[in-house]
Amino acid sequence: MLLFEGAAELRLEDGGGRCAGRVEVKHQGQWGTVCGDDWDMKDAAVVCKQLGCGSAVTAPKYGHFGPGSGPIWMDEVDCRGNESALSDCTHPGWGEEDCDHDEDAGVTCSELEGSLVAPGFVQLVGGDSPCSGRVEVRDGNQWKTVCDSDFGPKAAKVVCRELQCGTALSVPGAARFGEGVGPMWDRELQCAGNESLLISCPRGSRRDQPCTHANAVGVTCTQYTGFRLVNGSTACEGRVEVQVLGTWGTLCASRWDLLDAHVLCRHLDCGFAESIPRGGHFGSGTGPVWRDSFHCEGTEAHLGQCPVTALGASPCSPENHAAVICSGPAGSTALRLVGGGSRCDGRVEILQRGTWGRVLDDEWDVREASVVCRQLRCREAEKAYNPAKPQRGTGPVGLRGVRCAGHEAELSLCNTSLPESAAAAGIAEDVGVVCAGSRQVRLVKGPGRCAGRVEIYYQGSWGTVCDDGWDLSDAAIVCQQLGCGGAVEAVGSARFGEGSGQIWLDGVNCSGAEAALWDCPAGSWGQHDCAHKEDAGVVCSDFMALRLGNGSNCSGRLQVFYNGTWGSVCSNSMTLQTVSLACKELGCGDAGTLETRLPSGRVSGHAWLDRVECGERNSSFWQCPSAPWDPRSCDDLREETHITCSGRRPETAPAVGTVCPNSTSCTDREKIRAVGGESGCSGRVEVWHRGSWGTVCDDSWDMQDAEVACRQLGCGPAVSALDEAAFGEGTGPIWLEQVECRGSEPSLQACWARPGDSGACRHKEDAAVQCSAAPRTAAPTPRADPSRDRPTGSGRLSLPVIICIVLGALLCLLLALLAGQVRSARAGRAGSGRAWEPFPDAVYEEIAYGPAWEKQARFSGSGSYSEGSLAKLQPYPADSKEEEGPGSAPDVPVLPGSDPADGYDDAREVSAPGEDPAPGQGAWEMPRAPEEGAGPRDAPGGANLRSQRSAGAPAAEGDAWSLSPESTGYDDAEEVSLAHPPEHRKAATAELSAQPSLSPAPGEPIPAVQLGAAGSEEGTLQLGEP
């Protein structure tokens, strides 16, 4: 122990050596700890200097080396780095603190076990941290790449030890971390594995054949240097302890599950995990408690190969320590399944006399499979099979000709034949089983581990889940199974891309109490009426993402997405290493700076994280320790983290499946952007919908629409509404066309509009805006006068438009003929007293219906539909049920925006009138026939992007899809009039329908009222036909 005159005595505890551990200082004859508030590398450097332990390597806090005991003597220590002793540093005073021992500070110094590490001979480059990458050694004044033929696992072990990176996890060759430049190292490194430094390893003679950079060797180290089970009755059960860089500690069980436990049992040669007891079953440890969470798939060979997170982890109680009971070492007749997707499916092998052998049979069935699944504790057998030729084994044969009754406890208890009693191996076939324990669930093609398309592993293959009835209760079970917290959003319509292969489940209806998705009520396995464009997905509360807000590209306020919302990251304890990993995660280079001149004020919204402390060995921002998740981590704007990264992201549209902006977690402001201008307040208008950005067609685009867009952008009043791709043509979908805003809406999504999937628009017609908040010079000169009428040239006519024109012309001709017959009928029956004569005014009123009433009515409604189903809201016209006949088509609406290869979507995608759409599925209300005065603004030909789920209320009787002039491509005043009859005509129509048949006698002119109604119905039938 080194003592300094006038300096308080110092020591490091529970770190595995005198130069690493929890900092303890002696004051008034009593040892106490140091609080981790504001603890940083300068403070740690003074500790290492005082103890003669070299330089500081890490400065962990929050009880990294376990909580101490006794008083907490020092808090908010602030060293300059040149002090001789910790007690010389500034602090509020002895015993002046507001901490507990979970915040005790620690130190790791460069000198371990009395030997100063000599840096500089070896380095790892090209990896995601200093502890992984291509191996390079210093020879003189230059770095040389090491060839994979000159380097083995023992040398890798020495490299990781020298770099203080733990132990070697893998030694990939063939330039896994990229090819180097410059000369190659030309000698073999013949390490024994116990050397402290790579330079101490013996070297072979110079290589005869040159090695190229394509054969560069790499190393991946892990800080997890050991695993063991303690306090159990055998070595294969107990509390889980993990050695981190030489220090043993207990693992917290906050995210510990059976898949993690299987990996550990296999690594310890203890078979498989039978159970993971909770509640401190094997007692508490005395060292540090590691809050790292492993996220294994179950097939890894080492826990260090699993993804790890530590960000936001909560303190761990003694009752929440990880534990496992493994099945034990492999017995004399142990079984295993190989080549499958889990430990509970695959080809059967048996261990005999220390050698794994194949099991062959020519009559293998479910009785034998049941015994195998029982012996492996994989639940019941689902399938017995003979593997295809590529999956057959090639090793020795252990058993052949197995005959079981089905109730045996082990396969060796069945009637079997040893390989010696049969002819040469290979006559019978290999056998395989699929047990119920092989079922798994995963999320794929999402932006993170806890968001994506739901897939289930069943009977040896992965398949998807149909979104029929998919809601938050179903999503919650998936999130719970995966250890991803709760469900934030249940998504459908293949938000995260279309899957392939089987669709395993349809009509899932979980109550929320099930342990697994397949325990929920649902249709039979593989029975469905769906396509992969209906694949279900989820976003869980533990899904995390980073972004820079209120900035440009790679500069701005650092925000983290957690529990379905964005929140700030506070800057307390923020280091450049943390900023560097944040920039790397954002794709903005591998370095950055921290902005310090910030305005004061109160933080609005969430501030999720504080005291994020990334170290040299952290390869990901998510692995960095921090204070626990707290929506009020800081409340002053000056504490928010603003960074500027060294790189710059290419401006590309997000991939389908990007979670935010979305309808659950983001605001209207985040669902619109202006692209191509010199500021965010001028440019091509793009809106976010169904997981991607898309443009707006300039058809009917005017100042009222631009006013709403500028308001949504937060850019003040509109200066101009530009058309014809004034800021360049966009890419991707065109989400909206014929937008018609009143000018008072809060967002474009609230305006009346058509889905932009008709094919009538191209990107050369992308709409744009220039708002007053940006300089007027920021906008390029428009290529056309935005106020002029846009031609509808033939170059833009699509097949549906041509068909509508032809049908419209035929209908007009038919109406002209009918009108002539009406006039003839009126002239021939002047003065007549027939029952239908009281209604001629009604007929003339219908004929007199004009566009002026329609224009006025357009802006008086409030119909809406969900953002999640924009492309589904307008069915192609189809015959109504009342008109169905023997030859009528099924009553399944064909929805624009569907996959062209399918031609139609599942009927469940559009809820029937009166049904409550399934929650979380992008549900919408059916467009209804407007009340008097409502008008076509809310007719099904167009709607807005706002989601208005009916909260379980039954729909009004008579709600149905209806056609409007907008949806057919031409105006038909007669048809619109009948769709929205004035009240005095409704009574007349009812009286008319109650009378006997009014069909005229042969040769008589057809009555005008009948002709008006018939003409309208006939027009509707023609329009509804494809």
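Predicted, not measured: the structure shown is a model, and the values here were computed from it.

S.K.: In this structure, what is going on with the overall build of the protein? I would like to understand it.
M.R.: Counting its regular elements, the protein contains 14 helices and 50 strands. Taking all 1026 residues of the protein together, the buried fraction comes to 50%. Partitioning the intrachain contacts of the protein with sequence separation of at least 6 by distance along the chain shows that 72% fall at a separation of at least 24. Split by element, the accessible area of the protein, about 45,500 Å² in all, is 51% carbon and sulfur.

S.K.: What am I meant to see in the state of the cysteines here?
M.R.: When the sulfur atoms of two cysteines share a covalent bond, that bond is a disulfide. Enumeration according to the criterion identifies 27 disulfides in this entry. Disulfide pairing is shown between Cys 191 and Cys 201; the S-S distance is 2.1 Å. Its S-S torsion of approximately 105° makes the covalent link between Cys 191 and Cys 201 right-handed. In this pair, Cys 191 is assigned in the loop between β13 (187–189) and β14 (203–206) and Cys 201 in the loop between β13 and β14, connecting sequence segments 10 residues apart. The pair Cys 191 / Cys 201 is uniform in exposure class, with both members buried. Between the sulfur atoms of Cys 583 and its disulfide mate Cys 645 the distance is 2.0 Å. On the S-S bond that ties Cys 583 to Cys 645, the torsion sits near -85°, and the link is left-handed. You can see Cys 583 sitting in helix α6 (residues 576–585) and its partner Cys 645 sitting in strand β43 (residues 642–645), a full 62 residues away along the chain. For Cys 583, a relative accessible area of 0% puts it in the buried group.

S.K.: What should I look at first to understand unusual backbone geometry in this one?
M.R.: Phi is mostly negative for residues that are not glycine, and the peptide bonds are mostly trans. Residues other than glycine seldom take positive phi values, yet Leu 245 does so here, at roughly 50°. Following the sequence through the fold, Leu 245 ends up in the loop between β17 (237–244) and β18 (247–251). Taking relative accessible area as the criterion, Leu 245 reaches 37% and is therefore assigned partly exposed. Although it is not a glycine, Ala 494 sits at a positive phi angle of roughly 50°. Assignment of secondary structure puts Ala 494 in the loop between β35 (487–491) and β36 (502–505). On the basis of relative accessibility, which here comes to 11%, the residue Ala 494 falls in the buried class.

S.K.: What am I meant to see in the nonpolar core here?
M.R.: It is characteristic of soluble globular proteins that their nonpolar side chains tend to be buried jointly. Val 454, Ile 456, Val 465, Trp 470, Val 478, Leu 517 and Val 538 are the most contacted members of the largest nonpolar core, which has 35 residues in total. The set of elements that each furnish at least two residues to this core consists of β32 (440–448), β33 (451–458), α5 (472–481), β35, β36 and β37 (537–540). In this structure, Ile 456 is in contact with Gln 440, Val 441, Ser 461, Trp 462, Gly 463, Val 465, Trp 504, Leu 505, Leu 517, Trp 518 and Trp 525, ignoring residues within four places of it in sequence.

S.K.: So what exactly am I meant to see when it comes to the side chain of Glu 613 here?
M.R.: Within the element layout of this structure, Glu 613 appears in the loop between β42 (606–609) and β43. According to the relative accessible area criterion, Glu 613 is buried, its value standing at 14%. When neighbours within four sequence positions are excluded, Glu 613 is seen to be in contact with Ala 59, Lys 61, Tyr 62, Ser 573, Thr 578, Asn 618, Cys 624 and Pro 625.

S.K.: What is the right way to look at the pairing of strand β40 (residues 565–569) in this model?
M.R.: Within β40, four of the five residues are buried, which leaves the element mostly enclosed by the surrounding structure. Bridging between strand β39 (residues 555–562) and β40 involves four bridges; their strand directions are antiparallel. The partner of Val 560 across the bridge, within β40, is Gly 567. Where β39 folds back on β40, the antiparallel hairpin that results is connected by two residues, among which Asn 563 adopts a positive phi of roughly 55°. Strand direction decides the pairing type here: β40 and β42, joined by three bridges, are parallel. Within the sheet, the bridge partner assigned to Val 569 lies in β42 and is Leu 609.

S.K.: What exactly am I supposed to notice about a negative patch on the surface here?
M.R.: Where like charges cluster on the molecular surface, the negative patch consists of Asp 38, Asp 40, Glu 76, Asp 78, Glu 96, Glu 97, Asp 98, Asp 100 and Asp 102. Relative to the assigned elements, Asp 78 resides in the loop between β5 (72–74) and β6 (106–109). Given the relative accessible area of 49%, Asp 78 is considered partly exposed.

S.K.: I would appreciate a short explanation of the packing of aromatic side chains in the present structure.
M.R.: Here a ring pair, both rings aromatic, is described through the centre-centre distance and the interplanar angle of the planes. Across all of its chains, the model carries 12 aromatic pairs by this definition. Pairwise contacts between aromatic rings join Tyr 458, Trp 504 and Trp 525 into one cluster. Positioned above the aromatic ring of Trp 248 is the side chain of Arg 228, whose terminal nitrogen or guanidinium carbon lies 3.9 Å from the ring centre. Across the ring face of Trp 462, the terminal group of Arg 442 is positioned such that the distance to the ring centre comes to 3.8 Å.

About the cut-offs
- Residues numbered from 1 in each chain as written.
- Predicted model: local features only at pLDDT ≥ 70, side-chain atom pairs only at ≥ 80, totals over all residues.
- Heavy atoms only, no water.
- Helix = DSSP H or I, 4+ residues; strand = E, 2+ residues; numbered from the N terminus.
- Buried < 20%, exposed > 50% of the residue type's maximum accessible area, 1.4 Å probe, protein only.
- Contact = heavy atoms within 4.5 Å.
- Areas by Shrake-Rupley, 256 points an atom, 1.4 Å probe, with all protein chains shown as cover.
- Disulfide = S-S within 2.5 Å.
- Core = buried A, V, L, I, M, F, W, Y, C linked by side-chain atoms within 4.5 Å.
- Pairing = 2+ DSSP bridges.
- Patch = residues over 30% accessible without salt bridge, like charges linked within 9 Å, V, L, I, M, F, W, Y side chains within 5 Å.
- Salt bridge = Lys/Arg side-chain N within 4 Å of Asp/Glu carboxyl O.
- Lys, Arg positive; Asp, Glu negative; His and termini not counted.
- Charge placed at Lys NZ, Arg CZ, Asp CG, Glu CD.
- Phe/Tyr/Trp six-rings, centres within 6.5 Å; stacked < 30°, edge-to-face > 60°.
- Lys NZ or Arg CZ within 6 Å of the ring centre and 35° of its normal.

All quantities given are derived from atomic positions and should not be read as evidence of function.
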